[in-house]
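Breakdown of the fold
Okay, here's what each chain looks like letter by letter:
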Amino acid sequence: MIRTSGLVKRYGDVAALDGLDLVVPKGTILGLLGPNGAGKTTAVRILTTLLEPDSGSAEVAGMDVIADPDQVREHIGLSGQNAAVDEHLTGFENLDMVGRLYHLGKTKSRDRARELLDLFELDEAGDRPTKTYSGGMRRRLDLAAALVAAPEVLFLDEPTTGLDPRSRVVMWGAIRDLVKDGATVLLTTQYMEEADQLADDIVVIDHGKMIAHGTADELKTQLGGERIEIVVGQPSDIELARSILAELCLGEVQVNEQSRHLTGAVDGGTSVLQEVLRRIDATDVTLLDVGLRRPTLDDVFLTLTGHIAEETTDEDAGGDHETGRALIKEEEVV
Ligand SMILES: Nc1ncnc2c1ncn2[C@@H]1O[C@H](COP(=O)(O)OP(=O)(O)OP(=O)(O)O)[C@@H](O)[C@H]1O
Ligand SMILES: [Mg+2]
């Protein structure tokens, strides 16, 4: 239902999209993940006919977004990154207006508006002007508006950013219901958990390019399990500690010589931690600190993109983008 090929969009020197290829089969959810500025919104804007690419092609529901934007619009729903609701209308009036614009008819528009207000727990506030709504309420109303016409293809740009946990769960339920009825969804998110919960397929992008692609499980396997972090007392301790960690950890051990901080991914959690401690105890190495933690969203972005959110100026930091594996520079980890 969605297919892009070699999408490029430049703003001056910045390549917002740099050859993006996506395929989303009917009735599935694609999670488009990436740090700030990765190009997620740019991709959504092109696919929803709001922006033309410099080169490449894109089809939605079998129609070309550049040649047939009007037809594409008949088949899609969009909830943009910034809530677009009319401040002076009430929540009900906003949704009713969208229904009318989609030619649902008077009765159906009203019924649908009440139904969605109910679903997003806005029924009590439904008859108040939306200028009195909180940020999360506006966001929920905007999401409701995207669902009014039960579109075939739905684009949701960070649908749950700013929502409380309960509203997030409501949103996830609404998205799942739509997909059960045959809709196809592309959603962008900063939350690994959200992609994990919803997406059949996840594409991670950075600098406008795909850097990893797979199911949530496949990506997690790529990231490894928990992280062991230790801090040793002396610079002369580092080498021995590194070799002990290297025997027990997956992949490479990250070392920061200055802070004498060593980090390794492990599969086996506390039992590996105990073994590390036992082996270090049998040496002269002094341990200042030790810890075990689960991979966080920061780890996901660090591992896959080599940075969290900011542009990285150091050329080495980006790692090997071809394989989606990045070499993490220690200065960025600590
Ligand atoms: N209208 C514009 N003019 C100039 N640069 C732009 C414009 N729109 C986007 N960009 C740049 O293109 C890049 C991609 O932006 P985009 O909004 O697609 O990122 P994003 O992945 O949606 O980020 P976020 O997570 O912050 O929403 C950024 O470097 C951004 O500064
Ligand atoms: Mg964005």
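Structure report, in brief. Because the structure is a prediction, the values reported are computed rather than measured. (Residues numbered from 1 in each chain as written. Chains lettered and ligands numbered in written order. Predicted model: local features only at pLDDT ≥ 70, side-chain atom pairs only at ≥ 80, totals over all residues.)

Notes on the overall build of the chain
Within the chain, the regular secondary structure consists of twelve helices and 14 strands. Taken across its 334 residues, the chain has 40% of its residues classed as buried. Summarising the internal contacts of the chain: among those between residues at least 6 apart in sequence, 64% fall at separations of at least 24. (Helix = DSSP H or I, 4+ residues; strand = E, 2+ residues; numbered from the N terminus. Buried ≥ 20, exposed ≤ 12 C-beta atoms within 10 Å, placed from the backbone. Contact = placed C-beta atoms within 7 Å.)

Concerning the environment of His-75
Secondary-structure assignment places His-75 in the loop between helix 2 (69–74) and strand 6 (76–79). Residue classification places His-75 among the partly exposed positions, given that 17 C-beta atoms sit within 10 Å.

Examining the sheet that holds strand 4 (residues 55–60)
Pairing is antiparallel across the open sheet formed by four strands, whose spatial order is 2-1-4-5. Across the chains shown, the open sheet's two edge strands, defined by having one partner strand only, are strand 2 (14–24) and strand 5 (63–64). (Pairing = 2+ DSSP bridges.)

Here we look at the site of ligand 1
Lining the immediate surroundings of ligand 1 are Tyr-11, Val-14, Ala-16, Gly-34, Asn-36, Gly-37, Ala-38, Gly-39, Lys-40, Thr-41, Thr-42 and Gln-81. Sorting the residues of the shell around ligand 1 by element identifies strand 2 and helix 1 (40–47) as the ones contributing at least two each. Residue composition of the shell around ligand 1, grouped by class: four nonpolar, seven polar and one charged. (Near = placed C-beta within 6 Å. Nonpolar A, V, L, I, M, F, W, Y, C, P; charged D, E, K, R; others polar.)

Overview of helix 5 (residues 135–147)
Side chains of residues three or four places apart in an α-helix project in the same direction, reflecting 3.6 residues per turn. The end-to-end C-alpha distance of helix 5, which contains 13 residues, comes to 19 Å, matching closely the 18 Å that a straight helix rising 1.5 Å per residue would cover. Of all 13 residues in helix 5, eleven are buried; the element is thus mostly enclosed. Looking at helix 5, one finds that the buried residues are Met-137, Arg-138, Arg-139, Arg-140, Leu-141, Asp-142, Leu-143, Ala-144, Ala-145, Ala-146 and Leu-147. Lining the buried residues of helix 5 we find strand 6, helix 3 (91–101), helix 4 (106–119), strand 7 (153–157) and helix 6 (165–180). (Expected span 1.5 Å × (residues − 1).)

Focus on the sheet that holds strand 13 (residues 261–266)
If you trace the four strands from one edge of the open sheet to the other, you get 12-13-11-14, paired in antiparallel fashion. One side of each edge strand has no neighbouring strand; the edge strands of this open sheet are strand 12 (250–256) and strand 14 (287–293). In this sheet, adjacent strand axes meet at a mean angle of 15° when their direction is disregarded. Here six bridges tie strand 11 (residues 226–232) to strand 14, and the two strands are oriented antiparallel to one another. Within the sheet, the bridge partner assigned to Val-231 lies in strand 14 and is Asp-289. (Axes fitted to C-alpha atoms, helices over the stretch in contact; angles between N-to-C directions.)

Brief notes about helix 10 (residues 269–281)
Over its 13 residues, helix 10 extends 18 Å from the first C-alpha to the last, a length consistent with the 18 Å expected when each residue adds 1.5 Å. Along helix 10, the positions that sit buried rather than exposed are Val-272, Val-276 and Ile-280. Buried residues of helix 10 fall within an arc of 70° about the axis and therefore sit on the same side. Of the residues in helix 10, the exposed ones pointing more than 90 degrees away from the buried face are Thr-270, Ser-271, Gln-274, Arg-278 and Asp-281. Check the buried side of helix 10 and you find it contacts strand 11, helix 9 (238–248), strand 13 and strand 14. (Arc of directions from axis to C-beta.)

Some remarks on the nonpolar core
Membership of the largest hydrophobic core comes to 66 residues, with the highest contact counts inside it found for Leu-47, Val-60, Leu-95, Ala-144, Val-185 and Leu-186. Top contributing element to this core by residue count: helix 5, with seven residues. Counting 13 residues, the second-largest nonpolar core is a separate cluster that includes Ala-241, Cys-249, Val-266 and Val-276. (Core = buried A, V, L, I, M, F, W, Y, C linked by C-beta atoms within 7 Å.)

As for the packing of helix 3 against helix 4
Direction vectors running N to C along helix 3 and helix 4 enclose 135°, while the axes themselves pass 8 Å from each other. With respect to helix 4, the axis of helix 3 lies oblique. Every pair of crossing elements has a handedness; the one defined by helix 3 and helix 4 is right-handed. Along its contact with helix 3, which presents Gly-91, Phe-92, Leu-95, Asp-96, Gly-99 and Arg-100, the element helix 4 presents Lys-108, Ser-109, Arg-110, Arg-112, Ala-113, Leu-116 and Leu-117. Residues that form the contact of helix 3 with helix 4 fall into these classes: five nonpolar, three polar and five charged. (Parallel < 35°, antiparallel > 145°, perpendicular 65-115°, else oblique. Left-handed = near helix turned anticlockwise from the far one by under 90°.)

Focus on the environment of Leu-277
Turning to its location among the elements, Leu-277 is positioned in helix 10. For the pair formed by Leu-277 and Ile-244, sequence separation is 33 residues and the distance between their alpha carbons is 9.6 Å.

Considering the environment of His-261
With respect to the helices and strands, the residue His-261 is situated in strand 13. Residues His-261 and Val-290 lie 29 residues apart in sequence; the distance between their C-alpha atoms is 9.6 Å.

Digging into the packing of helix 3 against helix 5
Here helix 3 crosses helix 5 at 25°, and the two axes come no closer than 9 Å. Taken together, helix 3 and helix 5 sit at an angle that is classed as roughly parallel. The way helix 3 lies across helix 5 gives a crossing that is right-handed. Each of Gly-91, Asn-94, Leu-95 and Val-98 in helix 3 lies in contact with helix 5, whose residues at this interface are Leu-141, Ala-144 and Ala-145.

Points about the pairing of strand 10 (residues 209–214)
Here strand 9 (residues 201–206) pairs with strand 10 via five bridges, running antiparallel. Across the sheet, Ile-205 pairs through a bridge with Met-210, a residue of strand 10. Linking two consecutive strands that pair antiparallel, namely strand 9 and strand 10, is a turn of two residues; a positive phi of about 50° is found at His-207 within it.

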